[in-house]
Amino acid sequence: MNKIRNISVLAAIVAFVMIGFACSGAPLSGTSDGGDGSGAMRLQGSGASFPKPIYEKWVNEYQKVHPDVRIDYQSTGSGAGQKAILSRTVDFGASDDPMKDEDLAKADSELMHIPTVLGAVVMTYNLDGVDKPLRLTAENIAGIYLGEIKKWNDPKLTADNPDANLPDEDIFPVYRADSSGTTAVFTDFLAARVPAFKDKVGASKQPNWVEGVGSGQPRNDGVMGLVKQTPFSIGYVEIAFAKANNLPTALIKNPAGNFVEATIENVSAAAAGSAAKMPADLRISITNADGENSYPISSYTYILVYKDQKDARKGKALAEFLWWAVHDGSQFAKDLHYAPLPQEVVGKVEEKLKSITSGGNSLLENPGK
Amino acid sequence: MAKTGTFADSLFKGILTVFAGTIILVVIAMIVMMFWNSLPTIKEFGLGFLIGSDWQPASDVYGALPFIYGTIVSSVIALILAVPVSLGIAIFLVEQAPRSIASPIAFMVELLAAIPSVVYGLWGIFVLAPFIRNYLGPFLQDYLGWLPLFQGRLTGIGMLTGGVIMAIMVTPIITAVVRDVLEVVPTSQRDAALALGATKWETTLIVLENASSGIAGAVVLGLGRALGETMAVTMVIGNAPQISASLFEPAYTIASVLAANFAEATDRLYLSALIEMGLVLFLVTFVVNAAAKVLVMGVAKGTNAARQA
Amino acid sequence: MTMLTALCAIFAITILVIILAYIAVRGVSAINIEFLIDTPKPVGEGGGIGNAILGSALMTLLATAIGLPIGIGAGVYLAEFGDNWFGNTVRFLSDTLIGVPSIIVGIFVYTIVVLPMSRQSGFAGALSLAIIMIPIVARTTEEMIRLVPKSMREGALALGAPQWRVTWNIVMPAAASGIATGAMLSIARISGETAPLLFTALNSRFYNYFFDQPMASLTVQIYNYATGPFEIEHQMAWAATLILVGLILFINIVVRFLTKKKY
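Thresholds, definitions, all that
Residues numbered from 1 in each chain as written. Chains lettered and ligands numbered in written order. Predicted model: local features only at pLDDT ≥ 70, side-chain atom pairs only at ≥ 80, totals over all residues. Heavy atoms only, no water. Helix = DSSP H or I, 4+ residues; strand = E, 2+ residues; numbered from the N terminus. Buried < 20%, exposed > 50% of the residue type's maximum accessible area, 1.4 Å probe, protein only. Contact = heavy atoms within 4.5 Å. Areas by Shrake-Rupley, 256 points an atom, 1.4 Å probe, with all protein chains shown as cover. Lys, Arg positive; Asp, Glu negative; His and termini not counted. Charge placed at Lys NZ, Arg CZ, Asp CG, Glu CD. Expected span 1.5 Å × (residues − 1). Phe/Tyr/Trp six-rings, centres within 6.5 Å; stacked < 30°, edge-to-face > 60°. Polar contact = N/O pair within 3.5 Å; in protein donor to acceptor, adjacent residues only side chain to side chain. Axes fitted to C-alpha atoms, helices over the stretch in contact; angles between N-to-C directions. Parallel < 35°, antiparallel > 145°, perpendicular 65-115°, else oblique. Left-handed = near helix turned anticlockwise from the far one by under 90°. Nonpolar A, V, L, I, M, F, W, Y, C, P; charged D, E, K, R; others polar. Buried area = accessible area lost by both parts, 1.4 Å probe. Core = buried A, V, L, I, M, F, W, Y, C linked by side-chain atoms within 4.5 Å. Salt bridge = Lys/Arg side-chain N within 4 Å of Asp/Glu carboxyl O. Pairing = 2+ DSSP bridges. pLDDT = per-residue confidence, 0-100.

K.L.:
Explain the overall build of chain B here, please?
P.N.:
Each helix and strand counted, chain B has 13 helices and 2 strands in total. Across the 309 residues of chain B, 56% fall into the buried class. Within chain B, contacts between residues separated by at least 24 positions form 74% of all contacts whose residues are at least 6 apart in sequence. When the accessible surface of chain B is summed, it comes to about 12,300 Å², and 70% of that surface belongs to carbon and sulfur atoms. Computed over 14 positive and 17 negative side-chain charges, the inter-centroid distance for chain B is 10 Å.

K.L.:
What is the right way to look at the environment of A:Gly222 in this model?
P.N.:
Note on placement: A:Gly222 falls in helix α9 (residues 219-229). As a C-alpha pair, A:Gly222 and A:Tyr175 span 47 residues in sequence and 9.3 Å in three-dimensional space.

K.L.:
When you look at helix α2 (residues 52-65) of chain A in this model, what are you seeing that I'm missing?
P.N.:
Look at α2(A): 20 Å from first C-alpha to last across 14 residues, which is about the 20 Å you get at 1.5 Å a residue. Across the 14 residues of α2(A), 12 count as buried, placing the element largely inside the fold.

K.L.:
For this particular structure, what's the right way to read the packing of aromatic side chains?
P.N.:
The geometry of two aromatic rings is summed up by the distance between their centres and the angle between their planes. In this structure the tally under the stated criterion is 33 aromatic pairs over all chains. Measuring from centroid to centroid gives 5.8 Å for B:Phe131 and B:Tyr135, while their planes differ by 35°, and the two rings are tilted. Taken together, the residues B:Phe131 and B:Tyr135, both in helix α6 (residues 117-144) and 4 residues apart, mark about one turn of the helix. The class of B:Phe131 is partly exposed, set by a relative accessible area of 41%. Assessed through its relative accessible area of 55%, B:Tyr135 is described here as exposed. On the numbers, 4.8 Å between centres and 55° between planes, the contact of B:Phe262 with C:Phe199 is tilted. Of this pair, B:Phe262 sits in the loop between α12 (254-261) and α13 (268-308) while C:Phe199 is found in the loop between α9 (195-198) and α10 (218-226), placing the two residues in two different chains. As far as burial versus exposure is concerned, B:Phe262 and C:Phe199 are alike and both buried.

K.L.:
Help me out: how do you make sense of helix α7 (residues 181-193) of chain A in this one?
P.N.:
Residues spaced three or four apart along an α-helix face the same direction, because each turn holds 3.6 residues. All names here are of chain A. Given a rise of 1.5 Å per residue, 13 residues ought to cover 18 Å, and the 19 Å separating the end C-alpha atoms of α7 matches this to within 8%. The buried count for α7 comes to 10 of 13 residues, which makes it a mostly enclosed element. Among all positions of α7, only Gly181, Thr182, Thr183, Ala184, Val185, Phe186, Thr187, Phe189, Leu190 and Ala191 are buried. Looking at where α7 begins, the residue whose side-chain oxygen comes 2.9 Å from the main-chain nitrogen of Thr182 is Ser180.

K.L.:
Hey, could you run me through the packing of helix α3 (residues 50-81) of chain C against helix α6 (residues 122-147) of chain C in this one?
P.N.:
For any two helices packed against each other, the geometry comes down to the angle between their axes and how far apart the axes lie. Residues and elements named next belong to chain C. Contact geometry for α3 and α6: axes closest at 6 Å, N-to-C directions at 30°. Between α3 and α6, the angle is such that the two are roughly parallel. The two elements α3 and α6 meet at a crossing, and its hand is right-handed. For the contact of α3 with α6, the per-class residue count stands at 21 nonpolar, 7 polar and 3 charged.

K.L.:
Explanation requested: the environment of A:Glu61 in the structure shown.
P.N.:
All names here are of chain A. Mapping Glu61 onto the fold places it in helix α2. By relative accessible area, which is 16% here, Glu61 ends up buried. The spacing of Glu61 and Phe332 is 271 residues in sequence and 9.7 Å in space, taken between C-alpha atoms.

K.L.:
Even after reading the chapter, I still don't get the interface of chain C and chain B, so can you show me in this structure?
P.N.:
By a widely used convention, the size of an interface equals the accessible area lost when the partners come together. Each partner contributes residues to the interface: chain C has 78 residues there, and chain B has 70 residues. For the chain C and chain B pair, buried surface summed over both sides reaches about 6,600 Å², with 83% attributable to carbon and sulfur atoms. Summed over the shared surface of chain C and chain B, the result is 3 residue pairs in polar contact (both at pLDDT 80 or more). Per-element tally for the side of chain C that touches chain B: the top contributor is helix α1 (residues 2-28) of chain C, with 16 residues. Tallied by class, residues from the side of chain C that touches chain B come to 55 nonpolar, 15 polar and 8 charged.

K.L.:
I'm lost on the nonpolar core in this one. Help?
P.N.:
Soluble globular proteins: nonpolar side chains tend toward being buried together. By size, the foremost hydrophobic cluster in this structure holds 198 residues, and its most contacted members are B:Trp55, B:Tyr120, B:Met277, C:Ile49 and C:Ile104. When residues in this core are grouped by element, the largest group, 15 residues, is from α3(C). Beyond its immediate chain neighbours, meaning those up to four positions away, B:Trp55 contacts B:Phe49, B:Val61, B:Tyr62, B:Gly63, B:Phe67, B:Pro241, B:Val257, B:Tyr270, B:Ala273, B:Leu274 and B:Met277. Among the nonpolar cores identified, the runner-up in size contains 106 residues, and A:Tyr145, A:Leu282, A:Trp323 and A:Leu353 belong to it.

K.L.:
Looking at this structure, how should I read the pattern of salt bridges?
P.N.:
Working definition: two side chains of opposite charge can pair if their charged atoms are close together. All chains considered together, the criterion is met by 30 salt bridges over all chains. Taking the shortest distance from any N to any O, the salt bridge between A:Arg283 and A:Asp281 comes out at 3.0 Å. Residue C:Glu142 is joined to C:Arg146 by a salt bridge in which the shortest nitrogen-to-oxygen separation is 2.9 Å. Note that C:Glu142 and C:Arg146 are positioned in helix α6 at a spacing of 4 residues, about one turn of the helix.

K.L.:
Mind showing me how you'd approach the pairing of strand β11 (residues 298-306) of chain A here?
P.N.:
In the case of a regular strand, side chains alternate between the two sheet surfaces. Residues and elements named next belong to chain A. Where burial is concerned, most of β11 is hidden: 9 out of the 9 residues are buried. The side-chain alternation of β11 yields two buried faces, one formed by Ser298, Tyr300, Tyr302, Leu304 and Tyr306 and the other by Ser299, Thr301, Ile303 and Val305. Looking at chain direction, strand β3 (residues 92-95) and β11 are connected through 3 bridges and run antiparallel. Bridge pairing links Gly93 to Leu304 in β11. Two strands pair when backbone bridges link them, and strand β4 (residues 111-125) and β11 are joined in this way by 9 bridges, in the antiparallel orientation. Paired with Met112 across the two strands is Val305, which belongs to β11.

K.L.:
Just checking my understanding: could you explain the confidence of the model for chain C for this structure?
P.N.:
Any segment with low pLDDT has predicted coordinates that should not be analysed in fine detail. Chain-level pLDDT for chain C is 89 on average; 98% of the residues reach the 70-or-more range. Here the predicted complex carries an ipTM of 0.89, next to a pTM of 0.87.

K.L.:
How should the environment of A:Val260 be read in this particular structure?
P.N.:
All names here are of chain A. Here Val260 is to be found in strand β10 (residues 259-260). As a C-alpha pair, Val260 and Arg135 span 125 residues in sequence and 8.7 Å in three-dimensional space. Each residue touching Val260, except ones within four places of it in the same chain, is listed here: Ala250, Leu251, Ile252, Asn254, Asn266, Glu292, Asn293, Ser294, Tyr295 and Pro296.

K.L.:
Looking at this structure, I do not really get the sheet that holds β10(A). What am I missing?
P.N.:
Sheets are built from strands that pair by backbone hydrogen bonding, the pairs being arranged parallel or antiparallel. All names here are of chain A. Taken together, the 3 strands give an open sheet; going across it, the order is β5-β9-β10, and neighbouring strands pair in mixed fashion. Here the strands that pair on one side only, and so sit at the sheet edges, are β5 (135-136) and β10. Alignment of β5 against strand β9 (residues 251-253), held across 2 bridges, turns out to be parallel. Each residue of the ladder has a partner; that of Arg135, found in β9, is Leu251.

K.L.:
For this particular structure, what's the right way to read the packing of α3(C) against helix α8 (residues 163-191) of chain C?
P.N.:
Residues and elements named next belong to chain C. Their axes nearest at 9 Å, the elements α3 and α8 cross at an angle of 135°. Classified by the angle their axes make, α3 and α8 are oblique. In this structure, the crossing between α3 and α8 has a hand that is right-handed. Between α3, through Thr60, Ala63, Thr64, Leu68, Ile72, Val76, Glu80 and Phe81, and α8, the contact on the second element is made entirely by Gln163, Thr167, Val171, Met172, Ile179, Ala183, Ile187 and Ile190. In terms of residue class, the contact of α3 with α8 is built from 11 nonpolar, 4 polar and 1 charged.

If you want it as structure tokens, here you go:
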């Protein structure tokens, strides 16, 4: 009978855990939008954190019109998104910066870049008493991150901000410690304009930050948190982080010579200014785009899909979802601080989506029905 | 063993052996996996990996020294802060406090170990970092500012903050082990000391002396925990691969560079460099634990012998 | 001197109280029934942690189902037959494994399970947790069995009972409450783990009952909410933290009252 006692001890442990979790409110049956409906198609995506709010909105809205397709998107970072689609642990990846040629070469079949929305990287800072937005040039931002501009009242900064009462304090620059699409866009913007920055730091998801200058933080929230907490600091974050938290953002000087704000219109302007230059594979940097109002630290964000889908049903569902996203889905962009694709880019994306095949058969026969 | 060796007996023993062997298998598999995956950097850099101080994934230059430095220094800070407090708590609980209040206090201290690491990290950013920036940091600079350790900019994020968070996290572990060690010191020793006219405090000192290698073991065990602490430290240490004399400057640890970058690393050499650091950390924990074990066992053996005598 | 040592204890307890109070204050406002049963929603549309609670429960259950028998078996071996080189090796490696950073366990499982399966899954998450759990359970089980008085075994053996019956029917029931304590504490430990789940179980926005799919967990969901841009997400992160810490403390307190021992 001791055996029974033994088993009952184990059972008690298990039961206890169950009760523990049940008490905390976990229902043992699914809710309306949750239950693992039989036959529902499952699509898994992961990658860039920047488009997470809009992708979450999309998959949620799409499920309302297509209850038979259940799409899950998890933000793990752009690099992780590229890695996941390359190792095929997901059905689609997501990345802010286009994949490099050498990484694309690792794919065992053709990977396509589908731009979905546009966003901006903004400079945010912690300066009490400076009420009007700071005005920054690429040269000065590079100077700060290279450790050449050390004080807030440096003549180079005061020249562009004559009205602001910039303090005689050390500047504390904050950058991303992890590999990040945001960093790729930010350093791409600086490297294109400032040769010294290109040589010393370079443009990549995780560049060679100058030792002894500033601090690295993991993820956007890390940078935002540190800037918010630390007087006299400056950092770069995705626009949604700044807008959602009412952080100050700097006006950035674009190649046309204007200090522009990171608004949806100005990001769209950057996209429109470079749409004609878009290459066939749609991988393009739109930092420092032409145009009077173009915000210079703008970028597309991409979904990565294989051109040839192994599973025809899944491939079709994925292509249909992406078609829906760039058409019907674009209406949700502005509320979440993204700029929708310009019309001519939507046309290019349509061509791409139509070219998705499975075993040689086109999957999108009747798009936009 | 009783000599009723039946088939059932050997079957029983066999099954248990398999279960026990699983643990050996897991550890061996982990070492093999990590060694295999870090071969590219081992071949490329050899020992230079461990002493190189440049970490530039963008140009495929990997030197692990800043991470090793950060891991060791932050752990040492943690121990400097945690050991005296843990000793104090353990002495209070075993030697001084009446049982009725000792056990609830012991329990509450142990609850500190039950709080998840990610929670410490959040708390560290919102409460500890501002506290260090606004109060502790300026205080240290006012009184000890002539030391290079306490010079430089105060952001609240950096080596010291990482060390303090670790200290809070290892205190319950060190306390628990020291308490166990003190409890195995025979009462007869205390009685003897008191009988010879020693004060209560002198008696405690004698007890501490007899338990010293066990206490050292507890400290080393705490060190092992601190070395591997991940989430909380990543959130407050600043994550800059640099070697700086100032404790207020950002630093980086092996565990936090793994946490921040493993998911994102696509490049083969980069991935290999990260996993090799994981391997280094694994081997260090291995050695540290072995040391702790030898030390703690010293006390246990000694007291057993004393009991039999 | 008693003052000084007492101060140390008060200091540690003060920190505990500060942390717990902070979590409670930040978390309590966002907790309601919907938050507890809902799935994550797009920003501004509410949403909750129901599927994360379920996912944590399922993965913890599976991890327990894998880790408990192996851990207890290994612990019994160590206590009953472990005074040889094999036992010493197992004991030493268990202690090492307890000290190994959990993120390394995550990387290990990512390599041996996720990559071959081409998918993150609840199973991979549970396996990581089980690996963390096994050595803890093994060592506490060993300690507890060693506490069983020698006279009990000797009595049974003298009556002619075979060794396995003695262990199974006499020693283990006598150590049962201690073993259960170790098991509960290891469950509390793994339910607070984040790092090993990030690469293995990923996360999910659905209620998921299948271990071959990515699975949500409280800890990863906290991490996601805490790292989002919106204040409402941060509130939900603190609320979920309050739930998680509440659960873990609850387990610890129950264990204490069940055992009345020093744990």
